Amino acid sequence: MPRNAAEPPSTRQAVDLRFHGLGRSFGRLRVLHQVEGQVAGGQVLAVTGRNGAGKSTLLRCLAGLVRPQAGEIVCTVGNGRLDAGGRRRAVGYLAPELGFYGELTALENLELLARLRGAEAAAARPLLERLGVPPRRAESALSSGLRQRLRWAAALLHRPPILLLDEPVANLDAQGRRDVMALLAETLDRGAAAVVANPEALDLPRVASSLDLGSSAGTST
């Protein structure tokens, strides 16, 4: 699939995301224990494991939405190490629970998100068109597949150096899977790093390592 000519050119920066010793419990339930992994720009870290193994919790920790109770997350973009706030701004996050304003159109939702992130609102419409989302349709009137495509648009809107993708092809048909995998490949081409949870049966590009949270060690392989 060709690149959208409306996309602005990007300046490739070195990207590195690594974490070690991560732990997180909810009450007496220990979800993450001594988890470690690493991914660099242009690469994918695939996170697998049984239901309840902590895949979503790990991505929320990396996104800055949940605070780990142990361990460290180190994120470097360009020549600078990002603090927690900088890491949140650098992340494009996609997850099933990501919601929008139902009374707003797809385009209005993205333009609002662009203003909140300090991104270019003009990038919203070309991205929606690329993903096949009707810009003027109310979010509440979108099908589950179109809503998933809108989540992809929201994650990519500010051209993040880090993508965190939880169940990235949920509710997508075969064409939708091809479309988002093409966008993922292009995002990796420009130097972004990606962590993908629940990647089973996906033909992911550039998988450099995997992390199985179903194992007792909780370490990357």
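None of these values were measured; they are calculated from a predicted model.

Looking now at the sheet that holds strand E4 (residues 70-77). The pairing of strands in a sheet comes from backbone hydrogen bonds and takes either a parallel or an antiparallel form. Judged by pairing direction, the sheet is antiparallel, and its four strands sit side by side in the order E2-E1-E4-E5 without closing on themselves. Each having just a single partner strand, strand E2 (29-40) and strand E5 (80-81) make up the two edges of the open sheet. Pairing between strand E1 (residues 15-26) and E4: seven bridges, direction antiparallel. Pairing of Val 15 across the sheet is with Val 77, part of E4. Relative to E1, helix H1 (residues 55-63) is tilted by about 120 degrees, and along the sheet it contacts E1, E2 and E4.

We now examine the sheet that holds strand E8 (residues 193-197). One open sheet accounts for five strands, arranged E6-E7-E8-E3-E9; its pairing is parallel. In this open sheet, the two edge strands, each paired with only one partner strand, are strand E6 (91-94) and strand E9 (207-212). With strand direction ignored, the average angle separating the axes of adjacent strands in the sheet is 15 degrees. Across four bridges, the pairing between strand E3 (residues 44-48) and E8 is parallel. In the sheet register, Val 44 faces E8, and the bridge partner there is Ala 194. Helix-sheet contacts for H1 involve E3, E6, strand E7 (162-166), E8 and E9, and the interaxial angle to E7 is about 155 degrees. Against the sheet, helix H5 (residues 144-156) touches E6 and E7, its axis set at about 170 degrees to E6.

By size, the foremost hydrophobic cluster in this structure holds 36 residues, and its most contacted members are Leu 110, Leu 128, Leu 131, Trp 152, Met 181 and Leu 184. At the level of elements, helix H3 (106-117), helix H4 (124-131), H5, E7, helix H6 (174-189) and E8 are the ones that each hand at least two residues to this core. No other element matches H5, which puts seven residues into this core. Sequence-distant contacts of Trp 152, that is, excluding residues within four places in its chain, are made with Leu 94, Leu 131, Leu 165, Pro 168, Leu 172, Val 180, Met 181 and Leu 184.

A separate point is the state of the cysteines. Taken as a whole and judged by the stated rule, the model has zero disulfides. In this model Cys 61 remains outside any disulfide bridge; the closest cysteine sulfur is found in Cys 75, 15 Å from its own. Residue classification places Cys 75 among the buried residues on the basis of a relative accessible area of 1%.

For the rest of this paragraph, the subject is H3. Helix length check: H3, at 12 residues, gives a terminal C-alpha distance of 17 Å against a target of 16 Å (1.5 Å per residue), a fit within 8%. Among the residues of H3, those classed as buried are Ala 106, Leu 107, Asn 109, Leu 110, Leu 113 and Ala 114. Seen from one end, H3 has its buried residues packed into an arc of 160 degrees, which puts them on one side. Along H3, the residues that are exposed and aim more than 90 degrees away from the buried face are Arg 115 and Leu 116. Packing partners of the buried residues in H3 comprise H4 and H5.

Criteria and thresholds
- Residues numbered from 1 in each chain as written.
- Predicted model: local features only at pLDDT ≥ 70, side-chain atom pairs only at ≥ 80, totals over all residues.
- Heavy atoms only, no water.
- Pairing = 2+ DSSP bridges.
- Helix = DSSP H or I, 4+ residues; strand = E, 2+ residues; numbered from the N terminus.
- Contact = heavy atoms within 4.5 Å.
- Axes fitted to C-alpha atoms, helices over the stretch in contact; angles between N-to-C directions.
- Core = buried A, V, L, I, M, F, W, Y, C linked by side-chain atoms within 4.5 Å.
- Buried < 20%, exposed > 50% of the residue type's maximum accessible area, 1.4 Å probe, protein only.
- Disulfide = S-S within 2.5 Å.
- Expected span 1.5 Å × (residues − 1).
- Arc of directions from axis to C-beta.

Worth remembering: the numbers are spatial, not functional.
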